[in-house]
Amino acid sequence: MAFLADALSRVKPSATIAVSQKARELKANGRDVIGLGAGEPDFDTPDNVKHAAIEAIRRGETKYTPVSGIVPLREAIAAKFKRENNLDYKPEQTIVGTGGKQILFNAFMATLNPGDEVVIPAPYWVSYPEMVAICGGTAVFAETSIEDGFKLTPAALEKAITPKTKWLVMNSPSNPSGAAYTEAELKALADVLLKNEHVWTLTDDMYEHLTYGDFAFRTIAEVEPALYGRTLTMNGVSKAYAMTGWRIGYAAGPVELIKAMDMIQGQQTSGACSIAQWAAVEALNGPQDFIARNKAIFQGRRDLVVSMLNQARGISCPVPEGAFYVYPSCAALIGKKTPSGKVIETDQDFVTELLEAEGVAVVQGSAFGLGPNFRISYATSEELLEEACTRIQRFTGSLS
Ligand SMILES: Cc1ncc(COP(=O)(O)O)c(C=O)c1O
């Protein structure tokens, strides 16, 4: 009898964490490495949020909290959904978890039976299929294309849905592509969902506040109110408020689903960290000017990276609407040779050779289910980004 659970054999380690690890190792060995693999803002948490946490400690807010979260935070979440998304959720329709990750996990754990299918548009964030697998479900990938801006089309959605489909996972703006759906694009997908009443939508809106230019963020239950009763709208403070280490994510949806998620969480972690919850209350209720400031910085970096990558031979980089990632294609470089004679056969080869030759760490598209591409996180300084893109240009120029 094997000691480790069978479920483990269905799960892969995170490719994005593996790249960061490899870059750290090379750095420790004295190599000059620029890591563009990390999925977190390089900014510090705003001071007002830090102070709220310090005050919470001083007040003695250091005990267990209710499993679904402290009342002031659930009220702040309900108010946020009304203010920013025009969605009416009562505090009892909300739940707070230890990061957005736990919210997603709880939702799958609370709803998936063996054989249940979850439609995941590719490219996807690496954790969705793994979470679905751990929870006993089956991931069904719906491919997108660079021509469609890496966005799911109604026809591809229709094709992916079967009688066993339980969820569609939406993630806009997307990790890894940065693609974000317009209101019209969401409405067209909603029309397919309206015809398939057994399919629920789990919308991961973690990057809501990072959209650029005049792009207007919308979420599916807002665009199609008829889907409100079968949508879980998930979000968190990690990316918008530079709070990745505080571990606070949240969601809102129908009370029965929230209660089921509360049940899972109650036997797992119970309530999220009390101090981090008070910090999140301040993040959501306090001044929001931090967001606009950082958005402007990210937009400048996006424009720099897209422009420099498109000047690299054989790279084609679309302009993403949001998040802090670009997802260029390296299809034109497949079959080319490095100066040392290594043939680039896959996007995995491309990122390995790039790291070897120039010390730039990016993540291969195949890890996100669509390639040959690679993901660059531009959550780092313009200076480093410029240097990294110069090295990428030099690397692609050296291929023959
Ligand atoms: C699309 C997406 N959803 C969820 C998460 C998880 O967020 P958290 O750090 O709050 O668990 C991430 C983090 O990388 C993400 O990129």
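Since we're looking at a predicted model, the values are computed, not measured.

Engineer: So what's going on with the sheet that holds strand β11 (residues 363-364)? Which residues, and what values?
Structural biologist: Taken in spatial order, the three strands of this open sheet run β9-β12-β11, and their pairing is antiparallel. Since the sheet does not close on itself, it has two edges, and those belong to β9 (325-326) and β11, each with one partner. Alignment of β11 against strand β12 (residues 374-377), held across two bridges, turns out to be antiparallel. When the bridges of β12 are listed, Q364 appears paired with F374.

Engineer: Let's hear about the layout of surface pockets: which residues, and what values?
Structural biologist: Empty space within the largest pocket amounts to approximately 920 Å³. In terms of lining, the largest pocket is formed by 43 residues, of which the most central are T16, I17, K101, W125 and S127. Mapped onto the lining of the largest pocket, the elements with two or more residues apiece are α1 (15-28), α4 (99-111) and α5 (127-134). Considered class by class, the residues forming the lining of the largest pocket number 19 nonpolar, 15 polar and nine charged. Together, 19 residues line the second largest pocket, and K27, G35, L36, G37 and A38 are the ones closest to its centre. Of all the secondary-structure elements, those providing two or more residues to the lining of the second largest pocket are α1 and β1 (34-35). Counting residues per element, the lining of the second largest pocket draws most heavily on α1, at five residues. Here the lining of the second largest pocket is built from residues that sort into 10 nonpolar, five polar and four charged.

Engineer: Just give me the short version of the packing of aromatic side chains, but keep the residues and values in it.
Structural biologist: As enumerated under the stated definition, the model contains 16 aromatic pairs in all. With 4.9 Å between their ring centres and 35° between their planes, F350 and F374 make a pair best called tilted. Here the residue F350 occupies a position in helix α12 (residues 347-358), and F374 occupies one in strand β12, the gap between them amounting to 24 residues. You can call F374 buried: its relative accessible area is 0%. Judged by centre distance (5.7 Å) and plane angle (65°), the ring pair of F350 and F395 falls under edge-to-face. With F350 in helix α12 and F395 in helix α13 (residues 382-398), this pair connects stretches of sequence that are 45 residues apart.

Engineer: Tell me about α5, and please be specific about residues and values.
Structural biologist: Counting buried residues in α5 gives seven out of eight residues, a clear majority hidden from the surface. Looking at α5, one finds that the buried residues are S127, Y128, P129, E130, M131, V132 and A133. Among the structural elements, α4, β3 (117-122), β4 (138-143), β5 (165-171) and β6 (200-204) are those in contact with the buried residues of α5.

Engineer: Now, about the site of the ligand: what can you tell me, with residues and values included?
Structural biologist: Taken together, 13 residues are adjacent to the ligand, and D204, Y207, S238, K239 and R247 come closest. Between the ligand and K239 there is a distance of 2.7 Å, counted from an oxygen atom to a side-chain nitrogen or oxygen. Protein burial of the ligand: of its 400 Å² of free accessible surface, 92% is covered by the chains. If you map the ligand onto the pockets, it falls in the largest pocket. It is α4 that provides the largest number of residues to the shell around the ligand, a total of three residues.

What counts and what doesn't
- Residues numbered from 1 in each chain as written.
- Predicted model: local features only at pLDDT ≥ 70, side-chain atom pairs only at ≥ 80, totals over all residues.
- Heavy atoms only, no water.
- Pairing = 2+ DSSP bridges.
- Helix = DSSP H or I, 4+ residues; strand = E, 2+ residues; numbered from the N terminus.
- 1 Å grid on protein atoms, 1.4 Å probe; cavity = no way out; pocket = protein on both sides within 12 Å on 5 of 7 lines; lining within 4 Å.
- Points joined across faces, edges and corners; volume = space filled by probe spheres on them.
- Nonpolar A, V, L, I, M, F, W, Y, C, P; charged D, E, K, R; others polar.
- Phe/Tyr/Trp six-rings, centres within 6.5 Å; stacked < 30°, edge-to-face > 60°.
- Buried < 20%, exposed > 50% of the residue type's maximum accessible area, 1.4 Å probe, protein only.
- Contact = heavy atoms within 4.5 Å.
- Near = heavy atom within 4 Å.
- Polar contact = N/O pair within 3.5 Å; in protein donor to acceptor, adjacent residues only side chain to side chain.
- Areas by Shrake-Rupley, 256 points an atom, 1.4 Å probe, with all protein chains shown as cover.
- Sits in = over half its atoms within 2 Å of the grid points.

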